[in-house]
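Each chain, written out:
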Amino acid sequence: ITDAIKELKADADISVLKKQFEDLTSVLNTAGLTGKTFAQKVSDQFVNKTASLVTTYLSIQDIIRYTQQALQTITELDDSLVDLSKTANMSTSQLNDFYLSSSGIAKQMGVTTKEIIDQASAWSRLGYNTNEAATSMAQLSSQFASISPGMSTDDAQSGLISIMKAWNINVEDVKSEIMDNINDLGNNLAESNSDIVEGMERSAAALASVGTDYKDAFAMFSGIQEVLQNAEVSGRALRSISMRIRGYDESTEELSDDLKNVTGELVDLTKTAQHTQGVSVFKEGSTTEFKSLVEYFGEIRDIWDEMSQKQQNDFLQKAFGKTQAQAGAALIQNYEGVTKALNVMNSAAGSSDREMSKIEDSISYKLNALKETWVGFLQVAANR
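Let me sum up the structure you'll find in this document. (Residues numbered from 1 in each chain as written. Predicted model: local features only at pLDDT ≥ 70, side-chain atom pairs only at ≥ 80, totals over all residues. Heavy atoms only, no water.)

### A short note on the overall build of the protein
Now for step 1: Scanning the protein from N- to C-terminus turns up 19 helices and 0 strands.
Now for step 2: Burial analysis of the protein (384 residues in total) assigns 42% to the buried set.
Now for step 3: Considering only intrachain contacts with a sequence separation of at least 6, the fraction spanning at least 24 residues in the protein is 66%.
Now for step 4: Total accessible area on the protein is roughly 20,600 Å²; 51% of this is exposed by carbon and sulfur atoms. (Helix = DSSP H or I, 4+ residues; strand = E, 2+ residues; numbered from the N terminus. Buried < 20%, exposed > 50% of the residue type's maximum accessible area, 1.4 Å probe, protein only. Contact = heavy atoms within 4.5 Å. Areas by Shrake-Rupley, 256 points an atom, 1.4 Å probe, with all protein chains shown as cover.)

This is the structure we're talking about:
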């Protein structure tokens, strides 16, 4: 610099300029401003501004509150995991792996991480206690809840187990045999998924015990529910007919002397001028093998208009009981609903997955995924 100034023959005291430059460099070094790129300076400004914003908008109380919420979340998840560990046939490492993966499953299924762990715990108590089985069933019941408006994960779990146990449906068939059919019926008939689940919880075991196929059960319930719009009454009506045909009283659940001959009495009540033999609940040529209830009530519907008013009333009270006679009338008079339900289920394959793909496009699903991403971060960051 000195030589350059001399060449220009500038009129200046070189030693003074040099001293001033050195003083300026010292000040810049002290301030930490030398040697920084433009990007670094921008980054410093961003950090300073961010710190300022946090200081402005987040008080110490806010920070404490958010920390408490994070600790509460981790504590609740840990409590659920401890509950799972009591019944699950999993090693410590498997439990830990399930714990860390649960938020990812929750995001996929559209539910909370806690619900996934709680569902696995509930299924584990029912015997699905391996890592694979508990995870699979938790996914199924959570998906069922997600595609069923108004249905909680607990209701989904209890409904699935009622139907699975009644008809001995395997885990690998739950989605295709139960969820797909119920979801498609809920989309195409005047009923909801929750209605069908409630109805089956009240009647599945009794219907299955007299040989009623689960699709027939879903269809008959749908026929009644479309008219009554009361899942409790519709479910009880189906339970009533299945028990009365076997001679059981639905209130006492015991054999009744009044109902020992109900099958023969029903035949007598269905005898008409055109059908003098009446309609039997037994298959032709048998006195022990029942027709399916769908077949039986289809035949009753065919001759219903031939029966007198008294025959109709007496038949309903004898077949369904006085308290369920209205539901019985709904089943017979809306038998087209039963037929429609059976047709719907013939093309229901894949319904629950198609429904889930629509749910995944919703804002609520995406917000839940964002929240559970945060929960997943806490699971990894916090030392249990």
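Next comes the rest of the account.
### Focus: the layout of surface pockets
Now for step 1: Of the voids in this model, the largest pocket is the one considered here, and its volume is about 260 Å³.
Now for step 2: Looking at the largest pocket, it is lined by 15 residues, and the ones nearest its centre are Gln 69, Thr 73, Lys 371, Trp 374 and Val 375.
Now for step 3: If you list the elements that add at least two residues to the lining of the largest pocket, you get helix 4 (60-87), helix 6 (113-125) and helix 19 (363-381).
Now for step 4: If you tally residues by element for the lining of the largest pocket, the top one is helix 4, at 7 residues.
Now for step 5: Looking at side-chain class alone, the lining of the largest pocket contains 6 nonpolar, 5 polar and 4 charged residues. (1 Å grid on protein atoms, 1.4 Å probe; cavity = no way out; pocket = protein on both sides within 12 Å on 5 of 7 lines; lining within 4 Å. Points joined across faces, edges and corners; volume = space filled by probe spheres on them. Nonpolar A, V, L, I, M, F, W, Y, C, P; charged D, E, K, R; others polar.)

### Some thoughts on the packing of helix 11 (residues 214-228) against helix 17 (residues 335-346)
Now for step 1: At a minimum axis distance of 8 Å, the contact between helix 11 and helix 17 shows a crossing angle of 135°. By the criterion of interaxial angle, the relationship of helix 11 to helix 17 is oblique. Pair helix 11 / helix 17 crosses with right-handed handedness. In this structure, helix 11 uses Lys 215, Asp 216, Phe 218, Ala 219, Met 220, Ser 222, Gly 223 and Glu 226 to contact helix 17, whose residues at the interface are Gly 337, Val 338, Ala 341, Leu 342 and Met 345.
Now for step 2: Broken down by class, the residue content of the contact of helix 11 with helix 17 amounts to 7 nonpolar, 3 polar and 3 charged. (Axes fitted to C-alpha atoms, helices over the stretch in contact; angles between N-to-C directions. Parallel < 35°, antiparallel > 145°, perpendicular 65-115°, else oblique. Left-handed = near helix turned anticlockwise from the far one by under 90°.)

### With respect to the packing of aromatic side chains
Now for step 1: Counted by the stated rule, this structure contains 9 aromatic pairs.
Now for step 2: For the ring pair Trp 374 and Phe 377, a centre distance of 5.4 Å and an interplane angle of 25° mean the geometry is stacked. Here Trp 374 and its partner Phe 377 are both found in helix 19, 3 residues apart, which amounts to about one turn of the helix.
Now for step 3: Each member of the aromatic cluster is reached from another via a ring pair, and the members are Trp 167, Tyr 214 and Phe 218. (Phe/Tyr/Trp six-rings, centres within 6.5 Å; stacked < 30°, edge-to-face > 60°.)

### Let's talk about helix 19
Now for step 1: Spanning 19 residues, helix 19 covers 27 Å between terminal C-alpha atoms, matching the ideal 27 Å at 1.5 Å per step.
Now for step 2: Among all positions in helix 19, only Tyr 365, Asn 368, Ala 369, Glu 372, Val 375, Gly 376, Leu 378 and Gln 379 are buried. (Expected span 1.5 Å × (residues − 1).)

### Details of the packing of helix 8 (residues 153-167) against helix 9 (residues 174-188)
Now for step 1: Running from amino to carboxyl end, helix 8 crosses helix 9 at an angle of 120°, the nearest separation of the two axes being 11 Å. As judged from the angle between their axes, helix 8 and helix 9 are oblique. With respect to the hand of their crossing, helix 8 and helix 9 are arranged in right-handed fashion. For the pair helix 8 and helix 9, the contacting residues are Leu 160, Ile 163 and Met 164 in the first and Val 174, Ile 178, Met 179 and Ile 182 in the second.
Now for step 2: Counted by class, the contact of helix 8 with helix 9 contains 7 nonpolar, no polar and no charged residues.

### Quick notes on the side chain of Asn 193
Now for step 1: Within the secondary structure, Asn 193 sits in helix 10 (residues 193-209).
Now for step 2: Given the relative accessible area of 5%, Asn 193 is considered buried.
Now for step 3: When residues no more than four places from it in sequence are discounted, the contact partners of Asn 193 are Phe 144, Ile 147, Ser 148, Met 151, Ile 182, Asn 183 and Gly 186.

### Re the environment of Met 151
Now for step 1: Checked against the element boundaries, Met 151 lands in the loop between helix 7 (131-146) and helix 8.
Now for step 2: Put simply, Met 151 and Ser 192 are 41 residues apart on the chain and 9.7 Å apart in space, counted from C-alpha to C-alpha.
Now for step 3: Leave out the neighbours within four places in its chain, and Met 151 touches Phe 144, Ala 145, Ala 156, Asn 193, Ser 194 and Val 197.

### Examining unusual backbone geometry
Now for step 1: With a phi angle near 55°, Asn 168 is a residue other than glycine that sits in the positive phi range.
Now for step 2: By secondary structure assignment, the location of Asn 168 is in the loop between helix 8 and helix 9.
Now for step 3: Positive phi, close to 55°, is recorded for Gln 229, a residue that is not glycine.
Now for step 4: Here Gln 229 is to be found in the loop between helix 11 and helix 12 (231-245).

### Points about helix 12
Now for step 1: Compared with an ideal rise of 1.5 Å per residue, which puts 15 residues at 21 Å, helix 12 spans 22 Å between its outermost C-alpha atoms and is within 8% of the ideal.
Now for step 2: In terms of residue burial, helix 12 counts as a mostly covered element, since 12 of its 15 residues are buried.
Now for step 3: Three or more residues of helix 12 are buried, namely Ala 231, Ser 234, Gly 235, Ala 237, Leu 238, Arg 239, Ser 240, Ile 241, Ser 242, Met 243, Arg 244 and Ile 245.
Now for step 4: Taken together, the buried residues of helix 12 touch helix 10, helix 11, helix 13 (262-269), helix 14 (293-303), helix 15 (309-320) and helix 16 (325-333).
Now for step 5: Two to three positions downstream of the cap, the backbone nitrogen of Glu 232 sits 3.2 Å from a side-chain oxygen, assigning the N-cap of helix 12 to Asn 230.
Now for step 6: Once helix 12 ends, the next one or two residues include Gly 247, with phi positive near 90°. (Polar contact = N/O pair within 3.5 Å; in protein donor to acceptor, adjacent residues only side chain to side chain.)

### Re the environment of Ala 205
Now for step 1: Looking at the secondary structure, you find Ala 205 in helix 10.
Now for step 2: The sequence separation of Ala 205 and Arg 239 amounts to 34 residues, and the corresponding C-alpha distance is 8.3 Å.

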